[in-house]
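Take a look at the letters that make up each chain.
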Amino acid sequence: MFSIQALHSPSPSLGKATVAVDWPRSSGAPSVKNSMASAWAVDGSHMKIPHVMTVAGSDSGAGAGIQADLKTCAARGVYCSTVITAVTAQNTVGVQGISMMPEEFVAEQMKSVLSDMLVDVVKTGMIPSIGITKILLQCISEFPVKALVVDPVMVSTSGDVLAGSSILPVFRNELLPAADIVTPNLKEASALLGGVPLNTVADMKSAAKSIYNMGPRNVLVKGGDLPVPLDAVDIYFDGKNFYELSSAHIHTRNTHGTGCTLASCIAAELAKGLPMLSAVKVAKRFVETALVYAKDFTIGNGPQGPFDQFLKLKNTVSRSSLQHAFSPEGLFLYAVTDSGMNNKWGRSVTHAVKAAIDGGATVIQLREKNLETGDFLEAAIACVAICRSSGIPLLINDRVDIALASDADGVHIGQSDMPARAARSLLGPDKIIGISCKTPEQAHQAWIDGADYIGCGGVYPTNTKANNLTIGLNGLRSVCLASKLPVVAIGGINISNARSVMDISVPNLKGIAVVSALFDRECILTEAHKLYSVLQDAVST
């Protein structure tokens, strides 16, 4: 787990004005304030979106550079524009080629963005020439921003030189004094200090103070390559206090782009209005989480693979058997679990779900009203695994949070639950959303709100829902005729009346949803087989 330890500097402050939520800039630019309102300012109907401009090189392998910056800012909910200083040919093996952008064109990119797009924070990565450094400083003087985050990229993690030693004097004398934070790794910190070896945490603290003396408002020396057996320790120094930021050392080959990601995340959080130390802490946790998530990836054959800022790639792989559009035919035999019934018969929800699937259920809805959130989530994760192995969608009743945390295939929500549009904004475009409807008007609204299907009922009286209005077969028919969405009928349906429900012969009635008819029976498997056979007979005659 990520931890932080504050240590007072053994010597007095070096005299720089360093305030946690206010970083004065020598250029006369406005200072960053710890105010979400400043980042998310609303002027009438216009919302100011936090905006980071990254000035860096392009990585054709997409693990570092501009590509890492774009992914990180997007993952953190911040807009990111780009100024490309160089184009590299690189992969997981190393850098095969570098082509610098003409300095005039770099300047044109910067001015194009800065003059129009209300940039909050500038983050720098690969700056391969003295000329580009001076162009950057001139541009942010002409178009002031709230903060400058400098990642002094000089050598790639594979050991390839990205910026020569001739650039060091202008870094030390001009770029660093303009920076609100500089984030060197051990090699870069050593280079900035003329080759001083850095082998211990004490060395890192000394380096942080020495780099601070060059002018940046804050320094973060990254110690991921420190020969320490357990923790990865970074040293943050604000001119007054040292902070040891510790996290578990993640053993993985997939570390390409960690430095770019960390600096971009700091920039993104500053753009949102966080104070500097808070932004650094969030960034440290973000990188650690992404490394843990991606530690077993295999992308490329080289010694250093990329990782995943969105924490999505493994989900895509694990769901490969279910990566197709929602199919209305999947509503055919829709099984809705009930914890009370499972308790009555002395079986677990996972046993119940497995039996329903083996009996022919084509979709499972986890409806566990009596479980605590932690138990519900544990059950959902277990049931997702069972359903995925069978290629059957698992939906969560009502609880969008459980659906998100368990990576279920979607949710089913009622008229009094979270609106479908809000659920869609949280779940994304690929998840399945169903809505309970009793009237043609509700069915029409479900279509407008972007639902994938509707559950219509109760068709018959039922004991599973108190005070549930029964609409009958005529009500079901009227909703089906009005609906542009596929419909699954629910409410009091069992083996004795399932055929009557399907016989209303409306094309978009795709199946039945059952609770008691499956889960309040001694053998779920047998009852599911019987129901499936009845439905098959109904649609084939």
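Remember, predicted model here, so these are calculated numbers, not experimental data. (Residues numbered from 1 in each chain as written. Predicted model: local features only at pLDDT ≥ 70, side-chain atom pairs only at ≥ 80, totals over all residues. Heavy atoms only, no water.)

### Side note on the overall build of the chain
Here comes step 1: When you go through the chain residue by residue, the secondary structure sums to 20 helices and 20 strands.
Here comes step 2: The long-range fraction of contacts in the chain, counting pairs at least 24 apart against all pairs at least 6 apart in sequence, stands at 67%.
Here comes step 3: Carbon together with sulfur atoms contributes 56% to the accessible area of the chain, which is approximately 22700 Å² in total. (Helix = DSSP H or I, 4+ residues; strand = E, 2+ residues; numbered from the N terminus. Contact = heavy atoms within 4.5 Å. Areas by Shrake-Rupley, 256 points an atom, 1.4 Å probe, with all protein chains shown as cover.)

### Regarding the pattern of salt bridges
Here comes step 1: For the structure on display, the rule yields 24 salt bridges.
Here comes step 2: For the salt bridge of Glu269 with Arg76, the shortest nitrogen-to-oxygen distance reads 2.8 Å. One end of the pair, Glu269, is in helix H8 (residues 258–272); the other, Arg76, is in the loop between helix H2 (65–75) and strand E5 (79–90), and 193 residues separate them in sequence.
Here comes step 3: When its relative accessible area of 25% is taken as the criterion, Arg76 is described as partly exposed.
Here comes step 4: Its salt-bridge partner being Arg399, residue Asp401 comes within 2.9 Å of it at the nearest N-O pair.
Here comes step 5: The exposure class assigned to Asp401 is partly exposed, which follows from its relative accessible area of 40%.
Here comes step 6: Counted as one network, the salt bridges with shared partners bring together Arg388, Asp407, Asp409 and Lys431. (Salt bridge = Lys/Arg side-chain N within 4 Å of Asp/Glu carboxyl O. Buried < 20%, exposed > 50% of the residue type's maximum accessible area, 1.4 Å probe, protein only.)

### Some remarks on H8
Here comes step 1: With 15 residues, H8 extends 21 Å from end C-alpha to end C-alpha; this agrees with the ideal 21 Å at 1.5 Å per step.
Here comes step 2: Burial analysis of H8 places 14 of its 15 residues in the buried class, which makes it a mostly covered element.
Here comes step 3: The first or second residue beyond H8 is Gly273, which carries a positive phi of 110°. (Expected span 1.5 Å × (residues − 1).)

### Let's talk about the pairing of strand E13 (residues 333–336)
Here comes step 1: Burial along E13 is two-sided: the residues Leu333 and Ala335 and Tyr334 and Val336 are all buried.
Here comes step 2: Here E13 pairs with strand E20 (residues 509–514) via three bridges, running parallel. Paired with Tyr334 across the strands is Ala513, a residue of E20. (Pairing = 2+ DSSP bridges.)

### A closer look at the sheet that holds E20
Here comes step 1: Strand order in the closed barrel formed by eight strands is E13-E14-E15-E16-E17-E18-E19-E20, with parallel pairing between adjacent strands. The average undirected angle you get between the axes of adjacent strands in this sheet is 25°.
Here comes step 2: Pairing between E13 and strand E14 (residues 363–366): three bridges, direction parallel. Bridge pairing in E14 places Val336 opposite Gln365.
Here comes step 3: Sheet contacts for helix H12 (residues 349–359): E13 and E14; angle to E14, the most-contacted strand, approximately 160°.
Here comes step 4: Strand contacts of helix H15 (residues 420–427): strand E16 (410–413) and strand E17 (432–437), with the helix running at about 165° to E17, the strand carrying the most contacts. (Axes fitted to C-alpha atoms, helices over the stretch in contact; angles between N-to-C directions.)

### Concerning the packing of aromatic side chains
Here comes step 1: This model, assessed by the stated rule, comprises six aromatic pairs.
Here comes step 2: Ring geometry for Tyr212 and Phe237: centres 5.3 Å apart, planes at 75°, overall edge-to-face. Here Tyr212, found in helix H7 (residues 201–212), pairs with Phe237, found in strand E11 (residues 231–237); they are 25 residues apart in sequence, far enough to count as distant. Accessibility classification places Tyr212 together with Phe237 in one group, the buried group.
Here comes step 3: Between Tyr236 and Tyr243, the ring centres sit 5.7 Å apart and the planes meet at 50°, which makes this aromatic pair tilted.
Here comes step 4: Its relative accessible area of 3% is what places Tyr236 among the buried residues.
Here comes step 5: On the accessibility criterion, Tyr243 (13% relative accessible area) is buried.
Here comes step 6: In this structure an aromatic cluster arises from ring pairing among Tyr212, Phe237 and Phe242. (Phe/Tyr/Trp six-rings, centres within 6.5 Å; stacked < 30°, edge-to-face > 60°.)

### A few points about the nonpolar core
One recurring pattern in soluble globular proteins: nonpolar side chains tend to sit buried together.
Here comes step 1: Within the largest apolar cluster, 77 residues are counted, with the highest numbers of intra-cluster contacts made by Ile364, Ile396, Leu476 and Ile512.
Here comes step 2: When residues in this core are grouped by element, the largest group, seven residues, is from helix H13 (residues 373–390).
Here comes step 3: Not counting the four nearest positions on each side in its chain, Leu476 is found in contact with Cys456, Val459, Ile471, Val487, Ala489, Val501, Ile504 and Leu509.
Here comes step 4: With 47 residues, the next largest nonpolar core counts Met53, Val83, Leu148 and Met154 among its residues. (Core = buried A, V, L, I, M, F, W, Y, C linked by side-chain atoms within 4.5 Å.)

### Topic: the packing of H12 against H13
Here comes step 1: Where H12 contacts H13, the two axes come as close as 9 Å, and the packing angle between them is 20°. Classified by the angle their axes make, H12 and H13 are roughly parallel. In this structure, the crossing between H12 and H13 has a hand that is right-handed. Facing H12, whose interface residues are Val349, Thr350, Val353, Lys354 and Ile357, H13 presents Ala379, Ala382, Cys383, Ile386, Cys387 and Ser390.
Here comes step 2: Partitioning the contact of H12 with H13 into residue classes produces eight nonpolar, two polar and one charged. (Parallel < 35°, antiparallel > 145°, perpendicular 65-115°, else oblique. Left-handed = near helix turned anticlockwise from the far one by under 90°. Nonpolar A, V, L, I, M, F, W, Y, C, P; charged D, E, K, R; others polar.)

### Some words on the confidence of the model for the chain
Predicted coordinates in regions of low pLDDT should not be interpreted in detail.
Here comes step 1: For the chain, per-residue confidence averages 87 on the pLDDT scale, and residues scoring 70 or more make up 87% of the total.
Here comes step 2: A low-confidence stretch, residues 8–42 (pLDDT under 50), is modelled with 90 contacts involving residues beyond four sequence positions or located in other chains.
Here comes step 3: Below a pLDDT of 50 lies the segment residues 320–324, which in the model reaches seven contacts outside its immediate sequence neighbourhood of four places, other chains included. (pLDDT = per-residue confidence, 0-100.)

### Notes on a nonpolar patch on the surface
Here comes step 1: A contiguous nonpolar surface patch, about 370 Å² in accessible area, is contributed by Met47, Ile49, Tyr79 and Met117.
Here comes step 2: Position of Met47 among the secondary structure elements: in strand E3 (residues 46–47).
Here comes step 3: According to the relative accessible area criterion, Met47 is partly exposed, its value standing at 48%. (Patch = residues over 30% accessible without salt bridge, like charges linked within 9 Å, V, L, I, M, F, W, Y side chains within 5 Å.)

### Regarding the environment of Gly457
Here comes step 1: Structurally, the position occupied by Gly457 is in the loop between strand E18 (453–456) and helix H17 (472–482).
Here comes step 2: According to the relative accessible area criterion, Gly457 is buried, its value standing at 9%.
Here comes step 3: Each C-alpha atom of the pair Gly457 and Ala489 lies 6.0 Å from the other, and the pair is 32 residues apart in sequence.
Here comes step 4: Once residues within four sequence positions are removed from consideration, Gly457 is found in contact with Cys437, Lys438, Leu469, Ile471 and Ile490.

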